[in-house]
Amino acid sequence: MVLRDAVMARIIMHIDLDAFFVSVEQALNPELQGKPVVVGGRPDKRGVVACASYEARAFGLHAGMPLTTASRLCPQATFIEGSFPKYRDASQRFISVLADFSPSLEPVSLDEVYLDATGFESIYGSIWQMAVAIKQRIKDELGLCASVGIASCKVAAKIASELSKPDGLLEIARGEERSFLAPLPIAKLPGVGKKTEQILSGLGINTIGKLSIMPLSALKSRFGASGELLHRYANGIDNRKVEPPGAARSISRETTFDKDTRDRPLLEATFRYLSERVGAELRRGGKQTRCVTLKLRYADFTTITRSRTLKQASNTDQTIFDTGLELLNKALAQEKQPVRLIGIGVSNLVEPSRQLDMFDSSAQRLEQLNIAIDRIRDKYGFTAIQTGRTLLLKEIFPTCEEGYTSQTPSLSR
Amino acid sequence: MQISCLQENLSRGLGVVGRITTSRTTLPITTHVLISSDQSRLKLAATNLEIAISCWIGAQIEQEGAIAVPAGLLTDFVNSLPGERIDISVASGTMELKCARSEARISGQKADEFPPIPEIGEGITTRVDARPLRTAITQVVFAAATDDSRPVLTGGYAQFSGDKLTLAAADGFRLAVHNLTLAAPVAEEVSIIIPARSLRELDRLLKDQEDPVELTIDPQRKQILFRLKNVEIVSQLIQGTFPNYNQLIPQSYTTRAVVNVEEFLRATRSASIFARDGSGIVRLFMTRSAVEPSRITISARAEEVGDNLGEIEAVIEGDEAKIAFNSKYLMDVFSVMEDEQVVLEITNPSSPGVFRPMGDGDWIQVIMPMFVQW
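Residues numbered from 1 in each chain as written. Chains lettered and ligands numbered in written order. Predicted model: local features only at pLDDT ≥ 70, side-chain atom pairs only at ≥ 80, totals over all residues. Heavy atoms only, no water.

All names here are of chain B. Here chain B is partitioned into domain 1 (2-113), domain 2 (124-245) and domain 3 (249-367). On a C-alpha basis, the centres of domain 1 and domain 2 stand 29 Å from each other. Summed over both partners, the interface of domain 1 with domain 2 buries about 1,200 Å², with 50% contributed by carbon and sulfur atoms. The largest share of the area that domain 1 buries against domain 2 comes from Arg 19, Glu 50 and Ile 51, three residues that together contribute 40% of it. Summed over the shared surface of domain 1 and domain 2, the number is one salt bridge. The tally of links from domain 1 across to domain 2 stands at eight residue pairs in polar contact (both at pLDDT 80 or more). When contributions to the side of domain 1 that touches domain 2 are tallied by element, the ones reaching two or more residues are helix 1 (7-18) and strand 4 (51-58). A per-element tally of the side of domain 1 that touches domain 2 places strand 4 first, with six residues. In terms of residue class, the side of domain 1 that touches domain 2 is built from eight nonpolar, three polar and three charged. (Domains from an automatic or database assignment. Buried area = accessible area lost by both parts, 1.4 Å probe. Salt bridge = Lys/Arg side-chain N within 4 Å of Asp/Glu carboxyl O. Polar contact = N/O pair within 3.5 Å; in protein donor to acceptor, adjacent residues only side chain to side chain. Helix = DSSP H or I, 4+ residues; strand = E, 2+ residues; numbered from the N terminus. Nonpolar A, V, L, I, M, F, W, Y, C, P; charged D, E, K, R; others polar.)

Quick look at the structure:
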């Protein structure tokens, strides 16, 4: 029983930065504070709102809304393209602040982290006080507001932080998870998307409380395996631990084109560029890949992935690209639609190795070439040196230190 | 044409020539076998344009003639017949077969549409005993490259000099060399590259051969003829320069181990099961101890799956050492060795590993290591 109690008595904090992309922009440019601001792109361009400030949300703007709609609803808003590196830096600083409080962190996204606070009461007086201290440090050092939820499990902590927004703090006492969740609309529950919500409201189930008393068998028969998860979450039962991130199991990069395209040189140049980004990341992690995957989304939103296993593990841009290109050629030969999105990924990552060849040292030379290019890029920026294949991108996309800024700059890694 | 022969003989002859015909070809007639009377015998011939095989069987010739018929169809039909006399006649492009109470008609093609089987009258000639030649082929040809990126590596390099024949193959990852003595010396020194496929066919057909094989290389060095008993194989030769492999064989070593082939193969096979996911890497550690027998540890690991460790005793001279190989290449080498014990010589983890015979044999096997994170 001691073991069981130890497992049960956990205190989890969910820390979520408010209107993250916008807040970062506002922190860097105080003139934007208190105004409706949208990060995502210029209003006349294709794309969606990545993040809207609370002032803009008052006009009905929200993430995922097409930019054209957003500019119609709130023409006075400031529209910013944003840039991913900026947000990544802020995110890294956010996480390093949290690391001062607890070693057990699980970043869920750039602006959202679970923190295991079990046993920290004695240090801060209470977990509440610990949360207050965290919020203050984030405000002082990053100029950002965080909302914090405290509960005995992840699902309740996440919902608590969301309900407390903006700049909020909400603690759910142990044993009260169920009563806290019960009156809330089912859409608040993680795992309930639009479709699930529709089905459930069709059955007259509109609150988490009603969902919690639905027989498990009924949920299972309707939703399969996720039915059981819904049942547990709705009852405030969630045994997931806070798990620090492990080593990457796969790496991928993808981009959506400004306009759907059949333009071969553009497709190949973009594909080569993405391959180089994946390759650089792979080498940074000191790994090689055994499997390359192509992802394509066509104009009608049909999405396909095609994979190929390599005979010999590799980490060179050339191998990744060449393998991907074979898959791309094959896919494009079968489908005549224009392409909306293209992506490449590597998986089945292994320790570096190479079969040595008696007559041919080109593989070795290629590896050294990649290392040399990585060094130049680390020092002078990604676009300081490039392959002929990607040259055409220079005329299309603005560059930044990190590479090309593609369609959704706020998300361009 | 009107002839008679025994089902058994025709079946065997079709087995000899028919294997090289393929259904995937740009020249449809090469899926056929050419049947013709040749003095008092029946000649069967097939070609894939790289190799041509001819075979003679005993027959009673009533009336001379020739026809080309689909090899697969004829072979399957003949194999289904009882072991009795077959009467064959050809009239207006159709072959008629009668055997016991079966008969069949097969539409054929005119014999003169069949690609000519190259004839090599003169050239450099020698003879080799069948058994040692088969051993040499087995121990060398597996190392030939299977992809066409470097065509010269897809064949076996044969160097004839005096009464010596050196057979070698390499795909860049391994190299196999075998020396043997010719039954008759060559008049002049000559080096050729024989397609691996031709060597494998030759090996197959040598199985039933006791007498020495007669070899003739045409003066242009474009073709080679192997004359066996009642069988002739003509193969195109691969044109180009085979790499100078001698300079790739290390002349010295820092660690030398004598190992039992069977034990080494077994330990490598165990390790290879764990090496499947990780590019086939197996690691060898050669360790010496003052109190225990020295040994080689063979290990492999599969990320997030598990690992394996096997030990074999070995007589080790020189430094302790480590080296990683692709398990497949190790197993390939051990599988073709006839010796009980072999010598492994290594210098460092990024230099080739060399296998030499412990006893009489005159061969050498070289495997390139894998570069790994130790």
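Before going further, it helps to spend a moment on a negative patch on the surface. A cluster of acidic side chains, namely B:Glu262, B:Glu263, B:Glu313 and B:Glu340, defines a negative patch on the protein surface. Among the structural elements, B:Glu313 can be located in strand 21 (residues 306-313). (Patch = residues over 30% accessible without salt bridge, like charges linked within 9 Å, V, L, I, M, F, W, Y side chains within 5 Å. Areas by Shrake-Rupley, 256 points an atom, 1.4 Å probe, with all protein chains shown as cover. Lys, Arg positive; Asp, Glu negative; His and termini not counted. Charge placed at Lys NZ, Arg CZ, Asp CG, Glu CD.)

Another point: the domain arrangement of chain A. Domain parsing of chain A yields domain 1 (9-173), domain 2 (178-234) and domain 3 (250-411). Each of domain 1 of chain A and domain 3 of chain A has a C-alpha centre, and the two are 32 Å apart.

The subject of this paragraph is the sheet that holds strand 11 (residues 155-161) of chain B. Residues and elements named next belong to chain B. The strand order 14-11-12-13-26-25-24-18-22 describes an open sheet built from nine strands, whose pairing is antiparallel. In the strand order of this sheet, the two ends are held by strand 14 (190-195) and strand 22 (315-318), each with one partner. Between one strand axis and the next, the sheet turns through 20° on average, direction left out of account. Looking at chain direction, strand 12 (residues 164-170) and strand 13 (residues 174-181) are connected through seven bridges and run antiparallel. Paired with Ala 168 across the bridge in strand 13 is Val 177. Across the sheet, helix 5 (residues 261-275) is in contact with strand 18 (255-260) and strand 24 (341-346); its angle to strand 18 comes to roughly 95°. With respect to the sheet, helix 6 (residues 327-336) is in contact with strand 13, strand 25 (353-357) and strand 26 (363-367), its orientation differing from that of strand 26 by roughly 170°. (Pairing = 2+ DSSP bridges. Axes fitted to C-alpha atoms, helices over the stretch in contact; angles between N-to-C directions. Contact = heavy atoms within 4.5 Å.)

Across the contact, 25 residues belong to chain B and 17 residues belong to chain A. Summed over both sides, the interface between chain B and chain A buries roughly 1,800 Å², with carbon and sulfur atoms accounting for 56% of that surface. A per-residue breakdown of the area chain B buries against chain A is headed by B:Ser279, B:Glu303 and B:Phe371, which together make up 27% of the total. The interface formed by chain B and chain A includes one salt bridge. The salt bridge involving B:Arg150 is made with A:Asp357; its shortest N-O contact spans 3.1 Å. Our count for the chain B to chain A interface comes out at six residue pairs in polar contact (both at pLDDT 80 or more). For the side of chain B that touches chain A, the secondary-structure elements that each account for two or more residues are strand 13 and strand 27 (370-372) of chain B. Here the side of chain B that touches chain A gets three residues from one element, more than from any other, and that element is strand 27 of chain B. Looking at side-chain class alone, the side of chain B that touches chain A contains 14 nonpolar, five polar and six charged residues.

Another aspect to go through is the environment of B:Arg19. Residue and element names in this part refer to chain B. Along the chain, Arg 19 turns up in the loop between helix 1 and strand 2 (32-38). It is 40 Å that separates the C-alpha atoms of Arg 19 and Pro 250, two residues lying 231 residues apart in sequence. With near-sequence residues (within four places) excluded, Arg 19 lies in contact with Arg 197, Glu 201 and Arg 204. A polar side-chain atom of Arg 19 sits 3.1 Å from a polar atom in the side chain of Glu 201.

With that settled, consider the environment of B:Gly18. Residue and element names in this part refer to chain B. Looking at the secondary structure, you find Gly 18 in helix 1. Among the residues examined, Gly 18 registers a relative accessible area of 17% and is labelled buried. Put simply, Gly 18 and Val 259 are 241 residues apart on the chain and 42 Å apart in space, counted from C-alpha to C-alpha. (Buried < 20%, exposed > 50% of the residue type's maximum accessible area, 1.4 Å probe, protein only.)

As a further point, take the pairing of strand 13 of chain B. All names here are of chain B. Among the eight residues of strand 13, six are classified as buried, and the element is accordingly described as predominantly covered. Here strand 12 folds back onto strand 13 in antiparallel fashion, the turn holding three residues, of which Gly 172 has a positive phi close to 100°. Across five bridges, strand 13 lies against strand 26 in antiparallel orientation. Looking across to strand 26, one finds that Leu 175 is bridged to Val 366.

Here we come to the packing of aromatic side chains. Here the structure, examined in full by the defined rule, presents 13 aromatic pairs over all chains. Taken together, the aromatic side chains of A:Phe20, A:Phe21 and A:Tyr87 make up a single cluster linked through ring pairs. Sitting over the ring of A:Tyr54, A:Arg57 keeps its end group 4.5 Å from the ring centre. The ring centre of B:Phe371 lies 5.0 Å from the NZ or CZ of A:Arg354, which sits over that ring. (Phe/Tyr/Trp six-rings, centres within 6.5 Å; stacked < 30°, edge-to-face > 60°. Lys NZ or Arg CZ within 6 Å of the ring centre and 35° of its normal.)

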